[in-house]
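These are the residues of each chain, in order.
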Amino acid sequence: MSGEMSIRRIWPAPASPPLDDAELTALYGRAEGPHLRVNFVASLDGAVTLQGYSAGLSGEPDKRVFGLLRMLCDGLVVAAGTLRHEGYRAVRLSEPRRAWRREHGLAEYPTLVVVSGSLGLDPAQAAFAGAPVRPVVLTRVDAQAPPGLAEVAEVVRCGDDRVDLAAGLAELRRRGLDQLLCEGGPHLFGALTAADLVDEVCLTVAPLLAGAGPGRITAGEPSPPRDLPLRHVLAAGDGSLMLRYTR
């Protein structure tokens, strides 16, 4: 872990030495059965972006955990708007992380899953064109696919007026994608919460005030509050906190 900014557990059972990647992997782990984990970073005052992008909130420790969570999942779920705005590239992993997946009986790369009600997608975007594993697109029954999309992704139709997320997740699990990691955006997080599909939230709190303007990590129609117990708190050398909540 030489050269990396330290991450220490401060709750529960504080562990004073910095955590290495193996210890972090064990802390986050994989669930026993089908599981949807959501991962976000936010400012102290709740902003989901800085100058329009989430990258401005994410320091080295957050990026480190971000990469480990991708290593642990079967499928990486993202909304089409976030895919476009954040300029997603092909989902690739380093050789040590691919080796970890092979050792644990997983495919070398997670499958990218894009949720899009309109299919306003560019098949030439690197997330599709350069993908090491054929992505899956969840969409509505009557959405019109752009030319070339079917050549670079599997289009799964579920829901009439909007994407039926429960049905979509069932289709993913039928394909063996049991452990899902959602990276947003806020409207997808809100819709998953409203459908009671969220099993875990990993939230990095960046040590800064973004000020008024940016939205929260969740958006959309109101839904009932749901308890999600805190499982651990990690403190990073850059002052950020990493919180993990699960059912």
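Description of the structure in this document.

Definitions and cut-offs
- Residues numbered from 1 in each chain as written.
- Predicted model: local features only at pLDDT ≥ 70, side-chain atom pairs only at ≥ 80, totals over all residues.
- Heavy atoms only, no water.
- Phe/Tyr/Trp six-rings, centres within 6.5 Å; stacked < 30°, edge-to-face > 60°.
- Helix = DSSP H or I, 4+ residues; strand = E, 2+ residues; numbered from the N terminus.
- Buried < 20%, exposed > 50% of the residue type's maximum accessible area, 1.4 Å probe, protein only.
- Contact = heavy atoms within 4.5 Å.
- Axes fitted to C-alpha atoms, helices over the stretch in contact; angles between N-to-C directions.
- Parallel < 35°, antiparallel > 145°, perpendicular 65-115°, else oblique.
- Left-handed = near helix turned anticlockwise from the far one by under 90°.
- Nonpolar A, V, L, I, M, F, W, Y, C, P; charged D, E, K, R; others polar.
- Pairing = 2+ DSSP bridges.
- Salt bridge = Lys/Arg side-chain N within 4 Å of Asp/Glu carboxyl O.

**Focus: the packing of aromatic side chains**
Next, step 1: Summed over all chains, the structure comprises one aromatic pair.
Next, step 2: Seen from their ring centres, Phe-40 and Phe-189 are 5.4 Å apart, and the 25° between their planes marks the pair as stacked. Of this pair, Phe-40 sits in strand 2 (residues 35-43) while Phe-189 is found in helix 8 (residues 186-194), placing the two residues 149 residues apart along the sequence. The residues Phe-40 and Phe-189 share a single accessibility class, namely buried.

**A short note on the environment of Ser-118**
Next, step 1: Mapping Ser-118 onto the fold places it in the loop between strand 4 (111-115) and helix 5 (126-129).
Next, step 2: Ser-118 has contacts with Arg-140, Ala-143 and Gln-144, leaving out every residue within four places of it along the chain.

**Some remarks on the packing of helix 1 (residues 21-28) against helix 2 (residues 60-72)**
Next, step 1: Contact geometry for helix 1 and helix 2: axes closest at 10 Å, N-to-C directions at 60°. In terms of axis orientation, helix 1 runs oblique to helix 2. In the crossing of helix 1 with helix 2, the sense of the turn from one axis to the other is right-handed. Taking contact as the criterion, the partners of Asp-21, Leu-24, Thr-25 and Tyr-28 in helix 1 are, on helix 2, Arg-64, Val-65, Leu-68, Leu-69, Met-71 and Leu-72.
Next, step 2: In the contact of helix 1 with helix 2, the residues fall into seven nonpolar, one polar and two charged.

**Here's the deal with the pairing of strand 10 (residues 241-246)**
Next, step 1: By the bridge criterion, six bridges tie strand 8 (residues 200-206) to strand 10 in an arrangement that is antiparallel. From the neighbouring strand, Val-201 faces strand 10, where its bridge partner is Tyr-245.
Next, step 2: In the sheet, strand 9 (residues 230-236) pairs with strand 10 via five bridges, with the strands oriented antiparallel. Bridge pairing links Leu-234 to Met-242 in strand 10.
Next, step 3: If you look at the hairpin formed by strand 9 and strand 10, you'll find four residues sitting between the two strands, and Gly-239 has a positive phi there, around 95°.

**Observations concerning the pattern of salt bridges**
Next, step 1: What the rule picks out here adds up to 17 salt bridges.
Next, step 2: Of the charged contacts in the structure, one is a salt bridge between Glu-171 and Arg-174, with a shortest N-O distance of 2.8 Å. Within this pair, Glu-171 and its partner Arg-174 are both found in helix 7 (residues 165-174), separated by three residues, close to a single helical turn.
Next, step 3: The exposed category is assigned to Arg-174, whose relative accessible area is 61%.
Next, step 4: Residues Glu-200 and Arg-244 are paired through a salt bridge, measuring 2.8 Å at the closest nitrogen-oxygen approach.

Spatial relationships are all this shows, so hold off on functional conclusions.
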